[in-house]
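# An overview of the molecular structure
The lines below spell out each chain.
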Amino acid sequence: MNKFYELILGGARSGKSRLAEQRAEETGMELLYLATATAGDAEMSERIRHHQERRQASENSRKWNLLEEPIRLAEILSENAQADRCILVDCLTLWISNCLHQDCWEQQKEALLTALEKLPGHIIFVSNETGMGVVPMGELTRQFVDESGFFHQQLAAVCDQVTLTVAGLPLTLKEP
Amino acid sequence: MNKFYELILGGARSGKSRLAEQRAEETGMELLYLATATAGDAEMSERIRHHQERRQASENSRKWNLLEEPIRLAEILSENAQADRCILVDCLTLWISNCLHQDCWEQQKEALLTALEKLPGHIIFVSNETGMGVVPMGELTRQFVDESGFFHQQLAAVCDQVTLTVAGLPLTLKEP
Amino acid sequence: MNKFYELILGGARSGKSRLAEQRAEETGMELLYLATATAGDAEMSERIRHHQERRQASENSRKWNLLEEPIRLAEILSENAQADRCILVDCLTLWISNCLHQDCWEQQKEALLTALEKLPGHIIFVSNETGMGVVPMGELTRQFVDESGFFHQQLAAVCDQVTLTVAGLPLTLKEP
């Protein structure tokens, strides 16, 4: 089976989504953007709009389809992954946070890791590196940081390529 | 025109200023230290004193001139940049924060990026990587993290060399 | 004298302890785990239990001895270091925090750096990278971030190998 998974990590505004979009476009495959953000509040809409504008700016060359799903990543990926398609999941951070808030993190995480044993095509995951600051005060935030960190480790282990972006520049952590 | 720009990023106390001073001294050029900190409060004075002591300790070999400017970086750089001079700007983080507080960030940022299209000599920018922790609560802090991240991307794109320091050790992100 | 010191830095849940344990086991030496955590509160016991479980899972192949010491690292290391032993110190972050709270940081830090001029055997230090987020508000937290950063620089300078872990993957900062 032809499959290639990659994880692009980076701090806030480190250029990880831009790198992910670039790499997706370079695959020459059919492109699907799977957004975990939904246009809930004003600030989030603004962030989504910003991402959309950038994708549109690059749409001269290629066409993106868009799906929004805040929680059921494994399900949506299973329905949509195919050998000649590149799916960009942006971003896992929000998905982890959504799942923790909805109390379904363990199930959703296991479902995704299980799905990744057999999904075809190219899948690019974008996620925030959030563990390199001071350990935050609240127990919920600490749980979020812990779960993000653990999950990044698990996902990195099954990805073919892992990259950290800093100031828009890629730092290779794992090579195919 | 002979010009070389570099960006040295790093976390708090990661050795970025020390590396920048070392690299500046290795250029063999005339040296100008452009500080964005001004001796406002007690803690900041203490930090400035610490930096000054380290520079003086290394002054056996070379001589630093000092300028302080919290906001108008583009203007001061334009007045002082010359082909045989190395200017160390330490640090951008404080400058970004100063500009945001004075509501002149957009203008100052554009002025600096425009100036960098034509300034001669060697310029080393030092800045804090602040985006790899948990996304902070306050809207102003979030704006600061966002603007820092975006600006690091823009600056890194026009710099000839970009380095991340961790535990005093340099990690090359972009090579000349 | 046969000695090899290494520092493994990483964000929260970045896989730094796992990497350290792996490397320790690969030395083929007698293994000593020096924990700076003591089972004070519920959350900390939980974290300690998690670490213990992982070590036990890998104990099929080798045997770990365990010591707990929250403050006097230099003393315990001096008593236990020997040419054919690998000591894993996990983690420095908590030790720095403990020392700051007990107002003995300067002495303990100097004692450790002095001890490291002559301790035999293989010593692996694990510590959290905490400086890449927004500079925290409280003066004590800021002091912790500053002291951690400075100490990582000093320790990295005397270590033979320094590694940053991200998503469970090692990034070499200094090679032997």
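Residues numbered from 1 in each chain as written. Chains lettered and ligands numbered in written order. Predicted model: local features only at pLDDT ≥ 70, side-chain atom pairs only at ≥ 80, totals over all residues. Heavy atoms only, no water.

### Re the side chain of A:T163
Residues and elements named next belong to chain A. Condition: For the purposes of this entry, the term helix denotes a DSSP run of H or I that reaches at least four residues, the term strand denotes a run of E that reaches at least two, and both are numbered from the N terminus. For the purposes of these results, a polar contact is taken to be a pair of N or O atoms within 3.5 Å, where, inside protein, one atom must be able to donate a hydrogen and its partner to accept one; residues adjacent in sequence count only when each atom of the pair is a side-chain atom. Contacts: residue pairs with any heavy atoms within 4.5 Å of one another.
Here T163 shows up in strand β6 (residues 161-166). A polar contact is formed between the side chain of T163 and the side chain of R23, at a distance of 3.0 Å. With residues up to four places along the chain from it excluded, the contact list for T163 reads L7, I8, L9, L19, R23, P170, L171 and L173.

### Notes on the packing of aromatic side chains
All names here are of chain A. Let me state the cut-off plainly: Any pair of Phe, Tyr and Trp rings, taking the six-membered ring for Trp, is counted once the centres come within 6.5 Å. Such a pair is stacked with planes under 30 degrees apart, edge-to-face with planes over 60 apart, and tilted for the rest. Accessibility here uses a 1.4 Å probe with only protein chains present; expressed as a share of the type maximum, an area under 20% marks a residue as buried, one over 50% as exposed, and anything in between as partly exposed.
If you walk through the whole model with that rule in mind, you get 12 aromatic pairs over all chains. Between W95 and W105, the ring centres sit 5.2 Å apart and the planes meet at 70°, which makes this aromatic pair edge-to-face. Taken together, the residues W95 in helix α4 (residues 92-101) and W105 in helix α5 (residues 105-115) connect sequence positions 10 residues apart. Its relative accessible area of 0% is what places W95 among the buried residues. Looking at W105, the relative accessible area reads 4%, which means it is buried. Considering the side-chain rings of W105 and F151, the 5.5 Å spacing of their centres and the 75° angle between planes classify their relative orientation as edge-to-face. Taken together, the residues span a long stretch of sequence, with W105 in helix α5 and F151 in helix α6 (residues 139-158) at a distance of 46 residues. An aromatic cluster is built from W95, W105 and F151, whose rings are joined through pairwise contacts.

### Details of the interface of chain B and chain A
The condition that has to hold: Here the quantity called buried area is the accessible surface, traced with a 1.4 Å probe, that two parts lose on coming together, added over both.
Listed per partner, the contact involves 20 residues of chain B and 24 residues of chain A. A per-residue breakdown of the area chain B buries against chain A is headed by B:M132, B:V134 and B:Q153, which together make up 38% of the total. The tally of links from chain B across to chain A stands at 7 residue pairs in polar contact (both at pLDDT 80 or more). Those elements that place two or more of their residues in the side of chain B that touches chain A are α6 (139-158), β6 (161-166) and β7 (169-174) of chain B.

### With respect to α5(A)
Residues and elements named next belong to chain A. How we decide: Taken from the helix axis, the directions to the C-beta atoms give the arc we talk about.
Buried within α5 we find W105, Q108, K109, L112, L113 and A115. When α5 is viewed along its axis, its buried side chains cluster within an angular range of 165° and face the same direction. At its buried positions, α5 is contacted by α3 (73-80), α4, β5 (121-128) and α6.

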